[in-house]
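These are the residues of each chain, in order.
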Amino acid sequence: MKSSIITLTTDFGTRDGFVGAMKGRILSLFPSATIVDITHDIQPFSVIEAAFTLLNFFSYYPENTIHVVVVDPGVGSNRRELIVKIAGRYIICPDNGLLSLLVQDFDLEQTYVIRRNWQEWVIAPTFHGRDIFAPAAAMLARGESIDSIADLSDQQPVLYSWPVKLVGKNQIILTILHIDRFGNIITNLTRKQWDQLNHGKQPKLKLKKGFIYGIHRTFSEVQNGQLLMFWDSSGYLAIGRNQGNAAALTGLHLLDEVVLEY
Amino acid sequence: MKSSIITLTTDFGTRDGFVGAMKGRILSLFPSATIVDITHDIQPFSVIEAAFTLLNFFSYYPENTIHVVVVDPGVGSNRRELIVKIAGRYIICPDNGLLSLLVQDFDLEQTYVIRRNWQEWVIAPTFHGRDIFAPAAAMLARGESIDSIADLSDQQPVLYSWPVKLVGKNQIILTILHIDRFGNIITNLTRKQWDQLNHGKQPKLKLKKGFIYGIHRTFSEVQNGQLLMFWDSSGYLAIGRNQGNAAALTGLHLLDEVVLEY
Amino acid sequence: MKSSIITLTTDFGTRDGFVGAMKGRILSLFPSATIVDITHDIQPFSVIEAAFTLLNFFSYYPENTIHVVVVDPGVGSNRRELIVKIAGRYIICPDNGLLSLLVQDFDLEQTYVIRRNWQEWVIAPTFHGRDIFAPAAAMLARGESIDSIADLSDQQPVLYSWPVKLVGKNQIILTILHIDRFGNIITNLTRKQWDQLNHGKQPKLKLKKGFIYGIHRTFSEVQNGQLLMFWDSSGYLAIGRNQGNAAALTGLHLLDEVVLEY
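Residues numbered from 1 in each chain as written. Chains lettered and ligands numbered in written order. Predicted model: local features only at pLDDT ≥ 70, side-chain atom pairs only at ≥ 80, totals over all residues. Heavy atoms only, no water.

Residues I6, I66, V68, I83 and I92 of chain B together with I91 of chain C are the most contacted members of the largest nonpolar core, which totals 72 residues. Broken down by element, the residue count for this core peaks at nine residues, all from helix 4 (residues 128–141) of chain B. Apart from residues lying up to four places away in sequence, I83 of chain B is in contact with Y90, I91, I92, Q110, T111, Y112, I114, L140, I146, I149 and A150 of chain B. (Core = buried A, V, L, I, M, F, W, Y, C linked by side-chain atoms within 4.5 Å. Buried < 20%, exposed > 50% of the residue type's maximum accessible area, 1.4 Å probe, protein only. Helix = DSSP H or I, 4+ residues; strand = E, 2+ residues; numbered from the N terminus. Contact = heavy atoms within 4.5 Å.)

Below you can see the structure in the form of structure tokens.
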């Protein structure tokens with residue numbers, strides 16, 4: 001069960017030493033941990049953004065990797081603190097919907113709730129990242145059994161869903177799940193869903209002004225500055241712009257809806 | 001004395017390769033160093049912000065950890081270059097007040113001044129992070145004695161103070177030491193000072209508009225969007241806002257003063 | 001040929017899990033890699049910014065270090081994917097001009113083109129960082145021969161040049177290659193070129209308003225807030241401002257031209 005790789009995904013930013021404290025706690029418990037920064041720039045409190053980001057990197061890590069994810073608007077409330085085994089990896093996170101997208105693609109194997117009896121320090125009510133989640137990761141990484149720090153639970157993690165909406169015969173409404181650093185707009189339509197819905201027709205996406213026609217393989221298939229649809233690297237339908245920013249051009253935002261016709 | 005952990009805290013940002021050069025210098029001298037990024041996003045030249053950030057992570061690292069802190073508006077002037085031992089850890093930094101808050105909480109054990117005779121490269125007058133501080137850390141981490149690169153000094157590091165001001169019987173003036181990524185506003189009042197001043201009364205903090213009453217344990221004890229006072233995870237009185245940004249709402253800035261009544 | 005150090009320089013930002021996926025791919029192939037983040041904040045698609053940033057850190061790493069650089073506006077087009085040996089280190093990058101400045105200072109030893117026959121996964125047309133460049137680095141780092149993943153090429157990498165322009169007898173036109181996090185403005189004039197042109201005279205740089213006179217050694221030689229010229233830590237002529245932001249004050253931008261008289 002042992003892996004020395006611990007990844008960190010938070011909304012703590014990189015300005016304040018919060019992440020530094022988490023890493024210190026890990027290295028104090030397990031000096032030879034391999035700590036990997038995924039991102040600390042999740043929009044503050046945005047569970048959906050973190051849920052989507054997980055899809056981008058989760059499965060590229062070896063089995064038994066420990067992924068710590070702390071986006072925790074309810075810190076200090078009675079939401080649970082979890083260790084979840086999914087597809088052979090561990091995720092340590094608050095129980096607030098962070099796993100919603102991941103469990104659509106990967107098997108949820110086991111759910112544990114972290115106990116409060118093994119921490120040899122005061123647990124600050126506003127900083128469970130440092131006092132609960134990071135040290136739990138260090139304990140697993142250094143070879144402690146899960147049972148020594150957490151209890152198996154029958155209760156599923158909190159899961160939200162953002163389904164594609166069918167309207168009329170050849171029309172669906174998509175929701176924007178994420179806008180990435182380049183201004184690419186990622187919708188909630190997966191390639192698998194699209195293959196089930198569609199029979200070889202090229203779709204068109206309706207914008208405030210005009211349409212985007214067809215799904216392209218890569219950016220350089222369209223002119224500089226032109227919008228296109230493509231399958232993003234996690235398998236979701238995305239709107240991009242060759243050498244430009246699609247979000248800035250279209251004015252679309254997180255959780256907006258768009259209509260796809262086919 | 002040996003530890004292979006070297007942490008880096010700078011105002012160099014993450015855009016330019018400056019930090020990359022520091023890490024390269026460390027790995028050239030000591031390839032098995034464990035380099036930990038704390039932050040490179042200290043506001044440029046802000047010694048007070050770096051001094052506060054140190055409090056957030058310093059003591060969570062194992063003894064003998066080497067913390068490199070480079071916020072250095074006086075680079076190239078005659079300010080000293082220090083290796084300081086505090087509470088069993090090492091801090092390597094310019095002598096410009098960076099240790100001001102740390103020494104209020106932890107024992108300053110020894111102060112050394114880095115020598116200029118062991119560097120086998122040209123020392124650029126504008127980049128001591130790469131040419132002096134980072135390599136000094138690598139030398140210690142790989143087991144060289146402190147005496148081989150620095151001289152013990154009798155002269156204390158430069159220390160500033162930002163004390164709480166007492167006005168009248170039940171009123172104190174606090175200074176804003178830091179505003180974090182979430183917009184939480186951290187004042188200079190420590191819990192210890194408060195326990196000495198106060199005898200069980202709940203305080204109220206005066207804002208431009210209205211007051212904040214009492215000190216809460218955690219964010220979820222107040223309504224969404226509401227302001228609260230709480231003890232931040234380093235033990236300083238802070239102003240936060242449940243699922244919101246207190247700094248944006250109150251208009252308070254770094255080094256502003258606020259009045260606390262009790 | 002073996003080194004376990006792999007550095008990463010990209011324009012992927014730190015918000016999306018893209019870099020996390022690259023690191024996962026590396027650690028899956030070679031769990032004991034030492035992965036070093038240089039920067040992920042290159043301006044999106046800015047080959048020139050990445051080319052300049054390389055100068056800042058490249059040579060501070062030990063020989064055989066593997067530098068991965070992914071700023072790749074042409075991803076999915078037919079631009080080549082390279083492994084280049086320069087001054088004893090390896091650079092793995094798309095063939096789009098990223099090496100333009102580096103080869104002016106260091107010897108280009110060998111150029112290889114990465115093959116497409118050894119990757120045991122689907123190569124996403126929009127994410128060669130994860131599917132081609134990062135795993136190529138992991139393969140080299142874990143000791144595979146270059147020949148097992150790439151072919152030696154006779155064709156030089158794509159190289160651009162941004163030369164200093166001579167006008168009249170004692171006047172040259174410089175181009176802005178980079179503006180750093182502090183607002184320092186780096187031009188394309190190297191110290192070596194200047195020593196060839198000039199015979200001991202102090203130059204003056206013409207701005208929209210007034211001049212900057214002489215080249216200083218370090219910031220603290222001028223008053224707070226004052227502009228100065230200095231040799232940046234990579235040996236290029238730069239415009240800075242003591243404890244201030246030169247770019248904000250002068251209004252100069254990337255690729256603007258300025259006149260130096262002497």
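Past the structure itself, the notes keep going.
Overall, the coordinates contain 42 aromatic pairs over all chains when judged by the stated rule. When the ring of F12 of chain B is compared with that of F127 of chain B, the centres are 5.6 Å apart and the planes differ by 85°; the resulting orientation is edge-to-face. One end of the pair, F12 of chain B, is in the loop between strand 1 (5–10) and helix 1 (18–29); the other, F127 of chain B, is in the loop between strand 6 (108–114) and helix 4, and 115 residues separate them in sequence. Clustering of aromatic rings is evident, with ring pairs tying together F12, F18, F45 and F127 of chain A together with F182 of chain B. When the ring centre of W121 of chain C is taken as origin, the NZ or CZ atom of R25 of chain C, which lies over that ring, is 4.2 Å away. (Phe/Tyr/Trp six-rings, centres within 6.5 Å; stacked < 30°, edge-to-face > 60°. Lys NZ or Arg CZ within 6 Å of the ring centre and 35° of its normal.)

It is worth spelling out the environment of N56 of chain B at this point. All names here are of chain B. Residue placement: N56 occurs in helix 2 (residues 47–57). In this structure the C-alpha to C-alpha distance between N56 and L102, which are 46 residues apart in sequence, comes to 9.8 Å. Side chain to side chain, N56 and S234 meet in a polar contact 2.6 Å long. (Polar contact = N/O pair within 3.5 Å; in protein donor to acceptor, adjacent residues only side chain to side chain.)

The interface of chain A with chain B comprises 29 residues on the first partner and 27 residues on the second. Across the chain A/chain B interface, buried area totals approximately 2,500 Å², and carbon plus sulfur atoms make up 55% of it. On the chain A side of the contact with chain B, R15, D16 and T126 of chain A bury the most area, a combined 23% of that side's loss. At the boundary of chain A with chain B, the tally comes to zero salt bridges. Sort the elements by how many residues they give to the side of chain A that touches chain B and helix 1 (residues 18–29) of chain A lands first, with eight residues. Looking at the side of chain A that touches chain B residue by residue, the class counts come to 12 nonpolar, 10 polar and seven charged. (Buried area = accessible area lost by both parts, 1.4 Å probe. Salt bridge = Lys/Arg side-chain N within 4 Å of Asp/Glu carboxyl O. Nonpolar A, V, L, I, M, F, W, Y, C, P; charged D, E, K, R; others polar.)

All names here are of chain A. Under the counting rule described, the total for this entry stands at 33 salt bridges over all chains. Note that D95 and R80 form a salt bridge whose closest N and O atoms lie 3.1 Å from each other. Highlighted residues: D95 in the loop between strand 5 (89–94) and helix 3 (102–105) and R80 in the loop between strand 3 (66–70) and strand 4 (81–86), separated in sequence by 15 residues. Of the two residues examined, D95 and R80, each falls in the buried class. The shortest N-O distance in the salt bridge between K165 and E257 comes to 2.4 Å. Of this pair, K165 sits in strand 8 (residues 165–166) while E257 sits in strand 16 (residues 257–261); the two residues are 92 residues apart in sequence, bridging distant segments of the chain. The partly exposed category is assigned to E257, whose relative accessible area is 43%.

Residues and elements named next belong to chain B. Extensive coverage of strand 4 (residues 81–86) is indicated by the burial of six of its six residues. Here strand 4 pairs with strand 5 (residues 89–94) via six bridges, running antiparallel. Within the sheet, the bridge partner assigned to E81 lies in strand 5 and is P94. Hairpin connection of strand 4 to strand 5: two residues between the antiparallel strands, including A87 at a positive phi of 45°. As defined by bridge partners, strand 4 adjoins strand 6 across five bridges and the pair is classed as antiparallel. Its bridge partner lying in strand 6, L82 is registered against V113. (Pairing = 2+ DSSP bridges.)

With that settled, the discussion passes to helix 2 (residues 47–57) of chain C. Across the 11 residues of helix 2 of chain C, 11 count as buried, placing the element largely inside the fold. Every buried residue belonging to helix 2 of chain C is among V47, I48, E49, A50, A51, F52, T53, L54, L55, N56 and F57 of chain C, and all of these are buried.

To continue, consider the confidence of the model for chain A. Looking at chain A as a whole, its pLDDT mean stands at 93, while 99% of the residues score no less than 70. Scored by ipTM, the complex comes to 0.90, with pTM at 0.92. (pLDDT = per-residue confidence, 0-100.)

Our next topic: the interface of chain A and chain C. In many reports, interface size means the accessible area that the parts give up when they come together. Opposite the 27 residues of chain A that make contact, chain C presents 29 residues. Here chain A meets chain C over a buried area of about 2,500 Å², counting both sides, of which 55% is carbon and sulfur. Three residues stand out in chain A for area buried against chain C, namely Y60, R181 and F182 of chain A, and they jointly supply 30% of the buried area on that side. The interface formed by chain A and chain C contains zero salt bridges. Listed by contribution, the elements that provide at least two residues to the side of chain A that touches chain C are strand 2 (34–39), helix 2 (47–57) and strand 9 (171–179) of chain A. Residue contributions to the side of chain A that touches chain C peak at four residues, all from strand 2 of chain A.

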